[in-house]
Structures are given as structure tokens and as C-alpha cells.
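Below, each chain spelled out in residue letters.
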Amino acid sequence: MTTAVTRELPAGLGGFRRVQRLAYECAEAVAARLEPGVTEREAARMQREWLRERGVRDWFHLPFAWFGDRTAFVNFRIPLQFFPTNRLLEPGMPFILDMAPVFEGYTADIGYSGSLGVNPVQDRLMADLEAHRELILREVRERRPLREIYEDVDRLMVRQGYANRHRAYPFGVIAHKVDRVTQRRFSPHVFGFGARSLKGLASDALHGHREGWSPLWSPYRFSDHPPQPGLWAAEPHLGFRGTGAKFEEILVVTDSRDPEQSAFWLDDDLPHVRRWAEDK
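As recorded in an unreviewed UniProt entry, the protein goes by the name Peptidase M24 domain-containing protein, listed as coming from Streptomyces brasiliensis.

For the protein, the helix and strand inventory stands at seven helices and 14 strands. Sorting the 280 residues of the protein into buried and exposed places 55% on the buried side. In the protein, once contacts between residues fewer than 6 apart in sequence are set aside, the share between residues at least 24 apart is 70%. A total accessible area of about 12900 Å² is found for the protein, and carbon and sulfur atoms account for 52% of it.

A few words now on helix α3 (residues 120-141). Along its 22 residues, α3 runs 33 Å from first to last C-alpha, staying within 8% of the 32 Å computed at 1.5 Å per residue. R143 lies just past α3 and shows a positive phi near 60°.

In terms of burial, strand β4 (residues 110-115) is largely enclosed, as five of its six residues are buried. Judged from the six bridges that link them, strand β2 (residues 94-103) and β4 form a sheet pairing that is antiparallel. In the sheet register, F95 faces β4, and the bridge partner there is G114.

Another point: the sheet that holds strand β5 (residues 163-164). If you walk across this open sheet you meet the three strands as β5-β11-β12, and the pairing is antiparallel. The sheet terminates laterally at β5 and β12 (243-246), the two strands that pair on one side only. For strand β11 (residues 237-240) and β12, the ladder comprises four bridges, and the chain directions are antiparallel. Looking at the pairing, F240 lines up with T243 of β12.

Let us look at a nonpolar patch on the surface. Residues F171, Y220 and F222 make up a contiguous nonpolar surface patch of roughly 310 Å² in combined accessible area. With respect to the helices, strands and loops of the structure, F171 is situated in the loop between β5 and β6 (175-178). Taking the relative accessible area as the measure of exposure, F171 reaches 53% and is therefore exposed.

With the rule as written, the count across this model stands at 20 salt bridges. Where D224 meets R147, a salt bridge forms, and the shortest distance between an N and an O atom there is 3.8 Å. You can see D224 sitting in the loop between β9 (216-217) and β10 (230-234) and its partner R147 sitting in helix α4 (residues 146-160), a full 77 residues away along the chain. The class of D224 is partly exposed, set by a relative accessible area of 41%. Through salt bridges that share partners, E139, R144, E148, D152 and R155 make up one connected network.

Conventions we followed
Residues numbered from 1 in each chain as written. Predicted model: local features only at pLDDT ≥ 70, side-chain atom pairs only at ≥ 80, totals over all residues. Heavy atoms only, no water. Helix = DSSP H or I, 4+ residues; strand = E, 2+ residues; numbered from the N terminus. Buried < 20%, exposed > 50% of the residue type's maximum accessible area, 1.4 Å probe, protein only. Contact = heavy atoms within 4.5 Å. Areas by Shrake-Rupley, 256 points an atom, 1.4 Å probe, with all protein chains shown as cover. Expected span 1.5 Å × (residues − 1). Pairing = 2+ DSSP bridges. Patch = residues over 30% accessible without salt bridge, like charges linked within 9 Å, V, L, I, M, F, W, Y side chains within 5 Å. Salt bridge = Lys/Arg side-chain N within 4 Å of Asp/Glu carboxyl O.

What follows is the structure in C-alpha cells.
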């Protein structure tokens, strides 16, 4: 059972938890302002402006917003389709807000699912995501190869009657590593991604290739290795008949022999975790 608790963190992880909480606070604030007729582009801009007002100047990636069947990546074929469009939000329509700010050198990457009014399908998807959060943590602690964990997530989705929508992401990733970023006054981005964050991910990829691991958690052979210590932004994404839902948050992996310390979610006081606790 998932409960909303606060874990004491080593000093180095506190900054990551602060920026992750800031991002989720942004998501809740923007979700509360959404109304019929708002476009995905406007929702993405609202996220950027809210975070910039609070000091964010760099990004792992700029904010995304997806409405309606775009929450399930229906007919997505090329990366450009992930970027916000002029799709209008309508009553009862599901939405996902996704942002990855860098603040004081710390990175977060979060996904927030909601709907404009009641949407029973997305409510069911969100409830069923709890089992995926538990499965991922349990099997990472067991040091199962990442590729096998990915396949177990797939099998759980099939048993639940859903489609795997994170497979539509580039390289089909369910997670990727995040790290500290050197802060500078000028923070360029390339195709919506922060240049320094991309450089760090590329460096991880090169380093990992030499040692037999990858910073991308995918269904492919390059992820056929045990969990690598570090911080992983994990985002299981369910789809059902044109409706999608996901969460995204940081999973901490260490080299500790203590199972509870070998892997843990960075923060259990997040909107989806509180929602599951309230539903018990």
C-alpha cells in the first residue's frame, strides 16, 4: 500500500526533492487555472511563466501539455508531435502536464495527469498506476535487469487491459537518468531540451557504453543490465481508448546492500501518492 510520507534525505538529495516539489506545485497551480478553450500551447506557456517567476532559468526540457486523445499519444509518429499544439481543452477532457525544470543546478522531470471535470476513464487509469509504482520499486530493489522490469510493467498493463504509451517516447523509454547541471547566466536549449542537460545525458551515455550500461531505461538490449546507481525520472504511461495517464517522478538507486536503502522514491508526498492514500 502506498502512503504519503516524508523520508529524511542525505543533503545532496534535498535539492532534487525541492525542485521536484516546485514542479508539482506548478502543475497543480496551472491545472487549477485550466478552463474550456485553453490550448496546449497556452498551458505550456503558463507552466513556463509560473516557474520563471520563481527563479527557474534552465530546463531538462521545456514544458509540454497534452489534451484529449493526445494524452494517449494517438497516431504519434514523429518527435515533433509531442510539442504543444492549438488543441482546445473541453469539459470532461483529460490532460497531462509535463515539465522538467532545473533550479539551482538540480533537475526534476514530472508528469501530472488530470481532467477538466469528471473523467472516470482517466480516474481508473490513475488508480491502476499505483501498482506500477510498487512493481518498479520492488524489482529495482531486487536488482532485476532494467529491460526485464520494463517487460514486467508491460505485462501488468496487459493484465489491466491497457496499452503501453511510454513506448511511443523516443527509444521507448520508461525512465532516464537525471543529474546536477552547472548553472550559467545563459541557458540555451535545442529542440526544447536544455543544452547542458543534453550534454550531461550524452556524457552518461558514452561513459555507460564503455561500462555496459545506459542512462535510458528502454525495452532494448542496451538496457539489459541491473539498475545503475543514480537518479532516474520514471514515467509509466497507460493508455485506453484515446485516454492516457501517467505520473513521473525521481527514483533514487544506490549501491547499498540494505534493500530499503538500495532504491526508494525521492518523495512520497506528491499529488498522485496523496490521491492513492485518500482513496484507501
